[in-house]
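# Structural description and commentary
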Amino acid sequence: MPLPVAAIVFALIGLLVGYGALTVLPEYFPMARGLTIGTALVSAQLSGLITRYALNTVTPAVCVGLTILCTGLITSVLARPDLAAARHGSHRRRHRSA
């Protein structure tokens, strides 16, 4: 796959992962939407280029799959499940002994 086509595919992956994270788990990403989408976009471009050059002889499907995996992992660094749990109440409730 030529590099301009790969860059467009990686950008689409980043946008899909960013919007997907905000759609599926919006309470985990309390910061600005632009930060989450921007992080996913940049991580998709970087991880896509790194996997493309590191695995030069591998099929494009493997490169795209690894790019999706790396983008999801890097974007998940922004998730704040502790804040989401604090909003919904603690899952660990203290019981008094009678």
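Right, let's walk through the structure included here. (Residues numbered from 1 in each chain as written. Predicted model: local features only at pLDDT ≥ 70, side-chain atom pairs only at ≥ 80, totals over all residues. Heavy atoms only, no water.)

## Digging into the overall build of the chain
To be explicit about the condition: Helix numbers and strand numbers start at the N terminus; a helix is a DSSP run of H or I with at least 4 residues, a strand a run of E with at least 2. Whether a residue is buried, partly exposed or exposed follows from its accessible area with a 1.4 Å probe, protein chains only, as a fraction of its type maximum: under 20%, in between, or over 50%, in that order. Between two residues, a contact is recorded if the distance between any of their heavy atoms is within 4.5 Å.
When you go through the chain residue by residue, the secondary structure sums to four helices and zero strands. Secondary structure elements in the chain, listed N-terminal to C-terminal, are α-α-α-α. In the chain, which comprises 98 residues, the share counted as buried stands at 24%. Considering only intrachain contacts with a sequence separation of at least 6, the fraction spanning at least 24 residues in the chain is 71%.

## Describing helix H1 (residues 3–24)
Our working rule: Between the first and last residue of a helix there are one fewer steps than residues, each counted as 1.5 Å, and that sum is the expected span. Our arc is simply the arc of the directions from the helix axis toward the C-beta atoms.
Between its first and last C-alpha, H1 extends 31 Å over 22 residues, near the 32 Å set by a 1.5 Å rise per residue. Within the span of H1, buried status applies to Ala6, Phe10, Ile13, Gly14, Val17, Gly18, Ala21 and Leu22. The buried residues of H1 occupy an angular sector of 155° when projected down its axis, which confines them to one face. Structural note: H1 exposes Pro4, Ile8, Leu16, Thr23 and Val24 on the side pointing more than 90 degrees away from its buried face. Packed against the buried residues of H1 are helix H2 (33–54) and helix H3 (60–75).

## Here we look at the environment of Leu16
For Leu16, the location among the structural elements is in helix H1. Taking the relative accessible area as the measure of exposure, Leu16 reaches 65% and is therefore exposed. Separated by 24 residues in sequence, Leu16 and Ala40 place their C-alpha atoms 8.5 Å apart.

## Digging into H2
Count 3.6 residues to each turn of an α-helix, and residues three or four apart come out pointing the same way. End to end, H2 covers 31 Å across 22 residues, agreeing with the expected 32 Å (1.5 Å per residue, within 8%). Inspection of H2 places Thr36, Ile37, Ala40, Ser43, Ala44, Ser47, Gly48 and Thr51 among the buried residues, and these make up the whole buried set. For H2, the arc enclosing every buried residue in end-on projection is 130°, short of the 170-degree limit, so these residues lie on one face. When the buried face of H2 is taken as reference, the exposed residues oriented beyond 90 degrees from it are Gly34, Leu46, Ile50 and Tyr53. On the buried face of H2, the contacting elements are H1 and H3.

## Brief notes about the packing of H1 against H3
Worth spelling out the cut-off: Between the N-to-C directions of two axes lies an angle of 0 to 180 degrees, each axis being a line fitted to C-alpha atoms and, for a helix, fitted only over the stretch in contact. Angles are sorted into four bins: roughly parallel if under 35 degrees, roughly antiparallel if over 145, roughly perpendicular if 65 to 115, and oblique for all others. By convention the crossing between two helices is left-handed if the near helix lies anticlockwise of the far one by an angle smaller than a right angle, and right-handed if it lies clockwise. Following the grouping adopted for this structure description, the nonpolar residues are Ala, Val, Leu, Ile, Met, Phe, Trp, Tyr, Cys and Pro, the charged ones are Asp, Glu, Lys and Arg, and the polar ones are all others, Gly among them.
In the contact formed by H1 and H3, the axes pass within 10 Å of each other and the chain directions differ by 40°. Taken together, the axes of H1 and H3 are oblique relative to one another. Crossing angle aside, the handedness with which H1 passes H3 is right-handed. Where H1 approaches H3, its residues Val9, Phe10, Ile13, Gly14 and Val17 are matched on the opposing element by Cys63, Val64, Thr67, Ile68, Thr71, Gly72 and Thr75. The residue inventory of the contact of H1 with H3, partitioned by class, reads seven nonpolar, five polar and no charged.

## Quick word on the side chain of Thr36
Locating Thr36 in the fold gives a position in helix H2. Under the relative-accessibility criterion, Thr36 is labelled buried at 0%. Among all residues touching Thr36, those that are not within four sequence positions of it are Gly18, Leu22, Phe29, Met31, Thr75 and Leu78.

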